Structure formats: structure tokens, C-alpha cells
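Fold and geometry: a report
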Amino acid sequence: MARIDAVRPEEANPLTRLAFKQAERQFGKLPEPFAVTAHHFKLMGGYAAFELALDRSHTVDAKLKT
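Notes on the structure in this doc start here. (Residues numbered from 1 in each chain as written. Predicted model: local features only at pLDDT ≥ 70, side-chain atom pairs only at ≥ 80, totals over all residues. Heavy atoms only, no water.)

**With respect to helix α1 (residues 14-27)**
- Along its 14 residues, α1 runs 20 Å from first to last C-alpha, staying within 8% of the 20 Å computed at 1.5 Å per residue.
- Among the residues making up α1, those that are buried are T16, F20 and A23. Along α1, the residues classed as buried sweep out an arc of 65° about the axis, all on the same side. Along α1, exposed side chains directed more than 90 degrees from the buried face belong to P14, L18, K21 and R25.
- You can read the cap of α1 off the contacts: a side-chain oxygen lies 3.2 Å from the backbone nitrogen of L15, and it is on N13.
- G28 lies just past α1 and shows a positive phi near 90°. (Helix = DSSP H or I, 4+ residues; strand = E, 2+ residues; numbered from the N terminus. Expected span 1.5 Å × (residues − 1). Buried < 20%, exposed > 50% of the residue type's maximum accessible area, 1.4 Å probe, protein only. Arc of directions from axis to C-beta. Polar contact = N/O pair within 3.5 Å; in protein donor to acceptor, adjacent residues only side chain to side chain.)

Structure follows, in C-alpha cells:
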């Protein structure tokens with residue numbers, strides 16, 4: 001459990017709720033670090049961008065594979 005309470009979806013602004021739904025769709029449930037960083041929208045956006053970049057970093061172009 002985090003030291004800071006997570007933002008509940010009913011407390012979040014519409015854009016944050018949209019990000020919550022996307023995270024739930026991708027992971028099956030809302031990750032706690034994502035909900036905790038939602039207190040600061042720019043921090044949550046940076047965290048989401050980092051996770052997206054990490055997720056896509058394992059893809060290699062077919063040209064490079066050959």
C-alpha cells in the first residue's frame with residue numbers, strides 16, 4: 001500500500017478517468033502507482049509515457065532484423 005492514497009475514479013477529472021479506463025483495459029485492473037500519480041496530472045502523463053515507451057522499445061523493424 002502506498003503512503004499517499006490513490007485517486008478514486010469518481011474523484012478524478014474526465015481526462016484522468018479516461019486514462020484510468022485505458023489502464024484498466026490494458027492491465028485488467030488499475031495499477032496502484034498509476035492511481036497515486038494521478039494527484040499530479042503531468043506526473044501521471046510522464047509515467048504513462050515512460051511505460052508506453054518501455055512497452056514499445058522491444059519492437060525491431062523488419063529491415064533491421066534482416
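Continuing now.
**Overview of the pattern of salt bridges**
- Going through the model one piece at a time under the given rule, you end up with two salt bridges.
- In this structure, R8 engages E10 in a salt bridge whose closest nitrogen and oxygen atoms are separated by 2.9 Å.
- For R8, a relative accessible area of 45% puts it in the partly exposed group.
- Residue R8 is joined to E11 by a salt bridge in which the shortest nitrogen-to-oxygen separation is 3.1 Å.
- Salt bridges sharing common partners tie together R8, E10 and E11. (Salt bridge = Lys/Arg side-chain N within 4 Å of Asp/Glu carboxyl O.)

**Remarks on the side chain of T37**
- Mapping T37 onto the fold places it in helix α2 (residues 32-37).
- T37 gets classed as buried once you look at its relative accessible area, which sits at 15%.
- Side-chain polar atoms of T37 contact the backbone oxygen of F34, separated by 3.0 Å.
- For T37, the contacting residues outside a window of four places in its chain are L43, M44 and Y47. (Contact = heavy atoms within 4.5 Å.)

**Concerning the side chain of T16**
- Along the chain, T16 turns up in helix α1.
- Since its relative accessible area comes to 3%, T16 is described here as buried.
- When residues no more than four places from it in sequence are discounted, the contact partners of T16 are A38, F41 and M44.

**A look at the packing of α1 against helix α3 (residues 41-56)**
- Relative orientation of the contacting elements α1 and α3 amounts to 30°, with a least axis distance of 12 Å. Here α1 lies roughly parallel to α3, going by the angle between them. Once α1 is placed against α3, the crossing between them reads as left-handed. Packed against α1, whose contacting residues are L15, T16, A19, F20 and Q26, the element α3 presents F41, M44 and D55 at the interface.
- Residue composition of the contact of α1 with α3, grouped by class: five nonpolar, two polar and one charged. (Axes fitted to C-alpha atoms, helices over the stretch in contact; angles between N-to-C directions. Parallel < 35°, antiparallel > 145°, perpendicular 65-115°, else oblique. Left-handed = near helix turned anticlockwise from the far one by under 90°. Nonpolar A, V, L, I, M, F, W, Y, C, P; charged D, E, K, R; others polar.)

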